[in-house]
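# Chains, contacts and geometry: an overview
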Amino acid sequence: MMKTAVGWHVELEFREDGQHTRAAAMVRLPDGSEVRGHGRASRHRTDSDQPRVGEEIAGARALNELAMELLTKAHEEIDSASGRTSQPIHV
């Protein structure tokens, strides 16, 4: 028997000042909890002004941190349910 698929929506927000880009990623899980990640990118003074590239780098770093937070959350839930320390979850 198949279960209904669950969808997650990830939100990404960016702040830029011409030299730096900051990204914040957030996902709301079906249990109502929120998981967040942050990322940064800096433009070298000799690089051309390409805001999209800064967003891609900062966004990727924020999503990577978000992924690690989700793995940590899953680990804690496994440990809590089993009463023992689970094996590391590798990416």
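These lines cover the structure that appears in this document, whether it is placed above or below. Counting of residues starts from 1 at the beginning of each chain's written sequence and follows it residue by residue. With the structure being a predicted model, the display of local features is reserved for residues of pLDDT at least 70 and the display and counting of side-chain atom pairs for 80 or more, all residues being used for whole-chain, interface and lining totals. Side-chain measures here rest on the full set of heavy atoms in the structure, leaving out hydrogens and waters.

## What about the pairing of strand 2 (residues 20–28)?
- When DSSP finds two or more bridges between a pair of strands, those strands are recorded as paired. Only DSSP runs of H or I reaching four residues or more are called helices, and only runs of E reaching two or more are called strands; each is numbered from the N terminus. The sheet contact formed by strand 1 (residues 10–16) and strand 2 spans 7 bridges and is antiparallel. Bridging from a neighbouring strand, arginine 15 pairs with arginine 22 of strand 2.
- What sits between the antiparallel neighbours strand 1 and strand 2 is a turn of 3 residues, in which glycine 18 has the positive phi angle 95 degrees.
- Pairing between strand 2 and strand 3 (residues 34–42): 9 bridges, direction antiparallel. Across the sheet, valine 27 pairs through a bridge with valine 35, a residue of strand 3.
- Hairpin geometry of strand 2 and strand 3 is characterised by an intervening segment of 5 residues between the two adjacent antiparallel strands and by a positive phi of about 95 degrees at glycine 32.

## Overview of the nonpolar core
- The criterion is simple. A nonpolar core is a set of buried Ala, Val, Leu, Ile, Met, Phe, Trp, Tyr and Cys residues joined through side-chain atoms within 4.5 Å. Exposure is judged per residue with a 1.4 Å probe applied to protein chains only, and the accessible area is read against the type maximum: over 50% gives exposed, under 20% gives buried, and values in between give partly exposed. Counting residues in each nonpolar core, the largest one holds 9 residues, listed as Ala23, Ala25, Val27, Leu29, Val35, Ala41, Ala58, Ala62 and Leu66.
- Looking at this core, the elements with two or more residues in it are strand 2, strand 3 and helix 1 (51–82).
- Excluding anything up to four places from it in sequence, leucine 66 contacts Val10, Ala25, Val27, Val35, Arg36 and Gly37. What makes two residues a contact is simply this: any of their non-hydrogen atoms within 4.5 Å.

## Here we look at a nonpolar patch on the surface
- Residues qualify for a patch when their relative accessible area is over 30% and they have no salt bridge, like charges being joined within 9 Å and the nonpolar side chains of Val, Leu, Ile, Met, Phe, Trp and Tyr within 5 Å. Areas reported here follow the Shrake-Rupley algorithm with a probe of radius 1.4 Å; residue values treat only the protein chains shown as occluding. A side-chain nitrogen of Lys or Arg and a carboxyl oxygen of Asp or Glu constitute a salt bridge if their distance falls within 4 Å. Among the surface-exposed residues, Val10, Leu12, Phe14 and Leu63 lie close enough to one another that they form a single nonpolar patch of about 300 Å² accessible area.
- At 3 residues, the largest contribution of residues to the nonpolar patch is made by strand 1.
- Along the polypeptide, phenylalanine 14 turns up in strand 1.

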